[in-house]
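If you want the building blocks of each chain, they are given just below.
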Amino acid sequence: MQADAGTSGRARSVDLREDIPHSARMYDYYLGGKDNYAADREAAEQALAVFPHLRTYARQNRAFLHRAVRYLAAEAGVRQFVDVGTGIPTSPNLHEIAQRVAPDARIVYVDNDPIVLVHARALLTGTPQGRTV
Ligand SMILES: C[S@@+](CC[C@H](N)C(=O)[O-])C[C@H]1O[C@@H](n2cnc3c(N)ncnc32)[C@H](O)[C@@H]1O
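The structure presented is a predicted model; accordingly, all values stated were derived computationally and were not measured.

### A few points about the site of the ligand
Right, so step 1: Around the ligand, the structure places Tyr 27, Asn 61, Arg 62, Gly 85, Thr 86, Gly 87, Asp 111, Asn 112, Asp 113 and Val 116.
Right, so step 2: Tyr 27 has a polar side-chain atom sitting 2.5 Å from an oxygen atom of the ligand.
Right, so step 3: Taking 610 Å² as the accessible area of the ligand by itself, protein coverage stands at 63%.

### Observations concerning helix H5 (residues 114–123)
Right, so step 1: Ile 115, Val 116, Val 118, His 119 and Ala 120 are the residues of H5 that are buried.
Right, so step 2: Where H5 begins, the capping side chain belongs to Asp 113, and its oxygen is found 2.8 Å from the backbone nitrogen of Ile 115.

### Focus: the side chain of Arg 25
Right, so step 1: Counting through the fold element by element, Arg 25 comes out in helix H1 (residues 23–30).
Right, so step 2: Residue classification places Arg 25 among the buried residues on the basis of a relative accessible area of 0%.
Right, so step 3: With residues up to four places along the chain from it excluded, the contact list for Arg 25 reads Leu 16, Arg 17, Glu 18, Ile 20, Asp 35, Asn 36, Tyr 37, Asp 40, Ile 88, Ile 115 and His 119.

### Examining the environment of Glu 45
Right, so step 1: In this structure, Glu 45 sits in helix H2 (residues 38–50).
Right, so step 2: It is 25 Å that separates the C-alpha atoms of Glu 45 and Leu 123, two residues lying 78 residues apart in sequence.
Right, so step 3: Not counting the four nearest positions on each side in its chain, Glu 45 is found in contact with Tyr 29 and Arg 55.
Right, so step 4: One polar contact links Glu 45 to Tyr 29, side chain to side chain, over a distance of 2.4 Å.

### Notes on the nonpolar core
Right, so step 1: Counting 13 residues, the largest nonpolar core has Val 69, Phe 81, Leu 94, Ala 98, Ala 105, Ile 107 and Tyr 109 as its most contacted members.
Right, so step 2: Mapped by element, the contributors of at least two residues to this core are helix H3 (54–74), helix H4 (94–101) and strand E4 (106–110).
Right, so step 3: When sequence neighbours within four positions are dropped, the list of residues in contact with Tyr 109 reads Asp 83, Thr 86, Asn 93, Leu 94, His 95, Leu 124, Thr 132 and Val 133.
Right, so step 4: The next biggest cluster of nonpolar side chains, apart from the first, holds eight residues, and it includes Tyr 30, Ala 43, Ala 44 and Ala 58.

### Considering the sheet that holds E4
Right, so step 1: The strand order E3-E4-E5 describes an open sheet built from three strands, whose pairing is parallel. Here the strands that pair on one side only, and so sit at the sheet edges, are strand E3 (80–84) and strand E5 (131–132).
Right, so step 2: Sheet analysis places E4 next to E5, joined by two bridges and oriented parallel. Within E5, the residue paired with Arg 106 across the bridge is Arg 131.

Cut-offs used in this document
- Residues numbered from 1 in each chain as written.
- Predicted model: local features only at pLDDT ≥ 70, side-chain atom pairs only at ≥ 80, totals over all residues.
- Heavy atoms only, no water.
- Near = heavy atom within 4 Å.
- Polar contact = N/O pair within 3.5 Å; in protein donor to acceptor, adjacent residues only side chain to side chain.
- Areas by Shrake-Rupley, 256 points an atom, 1.4 Å probe, with all protein chains shown as cover.
- Buried < 20%, exposed > 50% of the residue type's maximum accessible area, 1.4 Å probe, protein only.
- Helix = DSSP H or I, 4+ residues; strand = E, 2+ residues; numbered from the N terminus.
- Contact = heavy atoms within 4.5 Å.
- Core = buried A, V, L, I, M, F, W, Y, C linked by side-chain atoms within 4.5 Å.
- Pairing = 2+ DSSP bridges.

Nothing here speaks to function; it is all geometry.
And the structure:
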């Protein structure tokens, strides 16, 4: 499947290569997400056969992200976040946690993988008061 990703507003076509396992989609699978394909699930299951705790690591990692962002937005008053190495958005994602506490929070997601950008464009929407890019 071809999809558009872009840099500085210039769209370019990205082949999602659904037939080849992709690390961010495998991570999405560990988290119970729906943005993964058969090749990702098969590779993820092979990895789980060797490292059975991978799913737990991924979920604990997300739980830490949720706790940390909730604390920063609610207790520390932080209103601007940069999430480097975003991965495929999984709900709730950073902007949802932060904007639940502070609707005016502004979030910049950064990832160097154009496939992640395609998924992010389809999935990321923030509050009208805040900003999510
Ligand atoms: C396992 S995901 C992490 C997702 C999320 N941050 C979390 O903690 O649940 C790692 C992401 O980092 C991205 N990544 C790896 N190296 C990077 C780099 N040098 N700059 C930006 N993103 C990077 C990958 O493309 C992938 O989407």
